[in-house]
There are 2 protein chains.
Amino acid sequence: MRVKGYKASAVKAEIRGRDRLDLGLIFSAVPAAAAGVFTTSLVKAAPVILGREKLKKGRAQAIVINSSIANACTGAEGMAKARAVAELAAESLDISSDLIQVSSTGVIGEQLDLACFSDNMAELAAGLGEDKLELVARAMMTTDTVEKISSAQVEISGRKVRIVGLAKGAGMIMPNMATMLCFVVTDADIAPQCLQTMLEKGVGRSFNLITVDGDTSTNDTVLLLANGMAGNEAIKSPAQKEAGEFQQALDKLLKELALKIVADGEGATKLITVRVCGALNSREAEQAARTVANSPLVKTACYGEDPNWGRIIAALGRSGIDFNPEHVDIFFDQVMMVKDGLGLAENENQAAEVLRQKEFTINIDLKDGAGVGEIYTCDFSHDYVKINADYRT
Amino acid sequence: MRVKGYKASAVKAEIRGRDRLDLGLIFSAVPAAAAGVFTTSLVKAAPVILGREKLKKGRAQAIVINSSIANACTGAEGMAKARAVAELAAESLDISSDLIQVSSTGVIGEQLDLACFSDNMAELAAGLGEDKLELVARAMMTTDTVEKISSAQVEISGRKVRIVGLAKGAGMIMPNMATMLCFVVTDADIAPQCLQTMLEKGVGRSFNLITVDGDTSTNDTVLLLANGMAGNEAIKSPAQKEAGEFQQALDKLLKELALKIVADGEGATKLITVRVCGALNSREAEQAARTVANSPLVKTACYGEDPNWGRIIAALGRSGIDFNPEHVDIFFDQVMMVKDGLGLAENENQAAEVLRQKEFTINIDLKDGAGVGEIYTCDFSHDYVKINADYRT
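Residues numbered from 1 in each chain as written. Chains lettered and ligands numbered in written order. Predicted model: local features only at pLDDT ≥ 70, side-chain atom pairs only at ≥ 80, totals over all residues.

Concerning the interface of chain A and chain B
- On the chain B side, the residues contacting the 49 residues of chain A number 49 residues.
- Counting only elements with at least two residues in the side of chain A that touches chain B, the list comes to α9 (296-303), α10 (309-317), β13 (342-343) and α12 (382-389) of chain A.
- With seven residues, the single largest contributor to the side of chain A that touches chain B is α10(A).
- Partitioned by chemical class, the residues of the side of chain A that touches chain B number 23 nonpolar, 20 polar and six charged. (Contact = placed C-beta atoms within 7 Å. Helix = DSSP H or I, 4+ residues; strand = E, 2+ residues; numbered from the N terminus. Nonpolar A, V, L, I, M, F, W, Y, C, P; charged D, E, K, R; others polar.)

Put into structure tokens, the structure is as follows:
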């Protein structure tokens, strides 16, 4: 997957002593407009703090990403190391370190060993190639089982514009204004402020609607670079028709990546959409959907392929929103399981059929108003516990 | 365990076709002052709706409890059946049905078969005996692995007063103003309104501080009967010295039962206290402790006996409270694992020792204020998933 002007590279830097790709680089031939959204957690990793600072200028040319160690809760030493990684990359790439974003994911609370970066930076820069974004997607994986890449293409003012996005994340996933890590590059020509608005909009419709385990990470980051090499007339305002066209393509790509994260959620065997309609407003609909999507009892029932709607209605009951239990309808895909708050036992076998699928929707109609909201989640399996009981060992 | 004037009984009524004790009865020789706290879920089971209604008079003489079916989300038919169960018991006991509380726990959304009750009510009443509260505790178990009983004794105005409490609950446990099911009987003489105040206070310090899975049930109920047969001078106001003495004994008993529920949480192998101090106020301390106690990542790490403090600090970061990450200290029991937001790797082995215990405390000091809060929880194991994937089958 290629986008004009971008190259990528990845190496094995043994950042936590393992024989795997763990250090990646994305590089644009020219400085690009840059937008970013970061974790809203009060506890922010060093690269997040540094990245927000650098992004104020609205420009970036390279992103250095490491997995294995998150560089979070690492204090002044961690901040100095994040800066040092940017400096090492700046030297190898011969550009200003102001244009370099660094990003980390992995274990919280351990310090990076700078030797892993200094020993490998030259090889990383020398390896830059046009067809290597997949390698970066692989290098940033932690408990992910597959790399996550999506691409889109859209014509803007007569020019073909391409967008490619890479994402990682499988656990500690209930992003709030951002997700674990996601990097999107495009050759579109878009002014930085406009780019930022569009990214925030897109993230609100994708990563902010997913949850694996209800936990928000210290390192959540989405970065979007636009280097303008497609040669389209520059987009300067989100109100332009061209901005709308780009937004649509961006939204689709971000949602694709968000769903890939959920589908690859730790131990997940099913991708579940929880859709609530008929709420008093969309905020309440989303809140209700999120409560159902985070309920361990609902998630384990999905894993067990048991249409145990009682757990869904119990989660709705404690969600804090206002509704009338006697109005509630619940469907698994198109199969009605609850009508006006009462179960339809005769549909149970058909509903169980739906749950045997890899993907399905829990449709909840509160019949009280026009509010609609969706949250994307996965089931809770034996492997979730296995993965997370043994994560650091 | 005996309390003056109370008898109990339990039978196998095959309410969901299984060969087990599933129908219980508690009976006081005289009408007792009665207090109750019920689920705050918007979705309330029929016996909860009926129980609240009956409790307005502040009196009760008997409690009928069934397991296997929760009689929740059962509509008008479910309400009629709850009333019918009370009527059947009233007939067998020859008292007014106004004095009978009914309580159910089990699968949501299935209707009770009244024949199970009418066929067995005479035997249930005939079996009443002074030493059978344990049998009721067993009859109300669902995924519980042990019956939960506690007792206390306190001298009030020269008279020995006894209190015995029975509780059940292992899943769908994050009670809010109540827990799954808990029945407390005492021979103390206490006025109904005073009894209600004391029960609410006690529940706030016990059941409202526990969580197994963050889910609140549709059937949560705590009932407290006081039949006055101890012959103490009647307690009429929570401000009396004697009320304080009773409250202390009640609090201790309720907390004991609450901790028994957590220790028997579905699949639980460890009982964990999450204690936050140094928060701006006690509300924020409790909110932070609750977020940590509900994090699946923290709970699986505890199961894995891994002092993965990064997950604790990440949960704090998303908890919504205000604090400075660079002030945070974290201890496992007395072993300091984090100082001023940074990990103490040298203490990791010692911390892992603490986690190998069956019970331990995660102590979090935010060093920002005087707010203190505690939440009691358990770990998240393979068996949690196993139990909940297969619950209804």
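That was the structure; now back to the text.
Observations concerning the sheet that holds strand β15 (residues 371-378) of chain A
All names here are of chain A.
- Spatial strand order, β8-β15-β10-β14-β11-β12-β13: seven strands in an open sheet with mixed pairing. Across the chains shown, the open sheet's two edge strands, defined by having one partner strand only, are β8 (210-211) and β13.
- Of the strand pairs in this sheet, strand β10 (residues 271-279) and strand β14 (residues 359-365) are connected by seven bridges, and their pairing is parallel. From the neighbouring strand, Val276 faces β14, where its bridge partner is Ile364. (Pairing = 2+ DSSP bridges.)

Quick look at helix α6 (residues 192-204) of chain A
Residues and elements named next belong to chain A.
- Between its first and last C-alpha, α6 extends 18 Å over 13 residues, near the 18 Å set by a 1.5 Å rise per residue.
- Turning to α6, its buried residues are Cys194, Leu195, Gln196, Met198, Leu199, Gly202 and Val203.
- Contacts from the buried residues of α6 go to β2 (23-38), β9 (221-226) and α7 (241-263). (Expected span 1.5 Å × (residues − 1). Buried ≥ 20, exposed ≤ 12 C-beta atoms within 10 Å, placed from the backbone.)

Focus: the sheet that holds strand β11 (residues 329-332) of chain B
- If you walk across this open sheet you meet the seven strands as β8-β15-β10-β14-β11-β12-β13 (chain B), and the pairing is mixed. Two strands in the sheet have a free side with no partner beyond their single neighbour: β8 (210-211) and β13 (342-343) of chain B.

Things to note about the domain arrangement of chain A
Residue and element names in this part refer to chain A.
- Annotation of chain A at the domain level lists domain 1 (6-263) and domain 2 (271-389).
- At the interface, eleven residues of domain 1 touch eleven residues of domain 2.
- Looking at the side of domain 1 that touches domain 2, the elements that each hand over two or more residues are β8 and α7.
- Across the side of domain 1 that touches domain 2, the residue classes break down as seven nonpolar, four polar and no charged. (Domains from an automatic or database assignment.)

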